[in-house]
Amino acid sequence: MYAAIRQGKAKTGVAAELAARIKDGAIPIISDVPGFMAYYVVYAGDDTVTAISIFDSYQAAEESNKRGLAWIEDNLAPLLAGPASAVAGPVIVHTLA
């Protein structure tokens, strides 16, 4: 199992707009990557937005970051306080309820 994590700092007060754009735009692009397993977005109190995608291969996680960063640049840039970053790697600890 591999995770792709994209993170950026949103401008204050844009959480609802970010969520709507992500649901309509990013989810179809990321979930279309072969090996897709799950997608989560966390919006922290300091306006940090973190998207976490889970895949069955490192190559799929990297591909999702490539697609995700391009989509963010084209669709979320006006709502962000700066550029997004991305990392990918193996999930070394996890648990489910």
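The structure we're discussing is the one just above.
Residues numbered from 1 in each chain as written. Predicted model: local features only at pLDDT ≥ 70, side-chain atom pairs only at ≥ 80, totals over all residues. Heavy atoms only, no water.

Engineer: Explain the overall build of the chain to me, please; I cannot follow it from the model alone.
Structural biologist: A count of helical and extended segments in the chain gives two helices and four strands. Taken from the N to the C terminus, the helices and strands of the chain come in the order β-α-β-β-α-β. Across its three principal directions, the C-alpha atoms of the chain cover 35 × 25 × 20 Å. Split into buried and exposed, the 97 residues of the chain put 34% on the buried side. In the chain, of all internal contacts separated by at least 6 residues, the share reaching a separation of at least 24 is 70%. Carbon and sulfur atoms provide 59% of the accessible area of the chain, an area that totals close to 5,700 Å². For the chain, the separation between the mean place of its 7 positive charges and that of its 10 negative charges on side chains is 3 Å. (Helix = DSSP H or I, 4+ residues; strand = E, 2+ residues; numbered from the N terminus. Buried < 20%, exposed > 50% of the residue type's maximum accessible area, 1.4 Å probe, protein only. Contact = heavy atoms within 4.5 Å. Areas by Shrake-Rupley, 256 points an atom, 1.4 Å probe, with all protein chains shown as cover. Lys, Arg positive; Asp, Glu negative; His and termini not counted. Charge placed at Lys NZ, Arg CZ, Asp CG, Glu CD.)

Engineer: Sorry if this is basic, but what is going on with helix α2 (residues 58-75) here?
Structural biologist: Residues spaced three or four apart along an α-helix face the same direction, because each turn holds 3.6 residues. The terminal C-alpha atoms of α2, which comprises 18 residues, lie 25 Å apart, in line with the 26 Å expected from a rise of 1.5 Å per residue. Burial in α2 covers these residues: A60, A61, S64, N65, G68, W71 and I72. Buried positions in α2, seen along its axis, are confined to an arc of 140° and lie on one side of it. Along α2, exposed side chains directed more than 90 degrees from the buried face belong to Q59, K66, E73 and D74. (Expected span 1.5 Å × (residues − 1). Arc of directions from axis to C-beta.)

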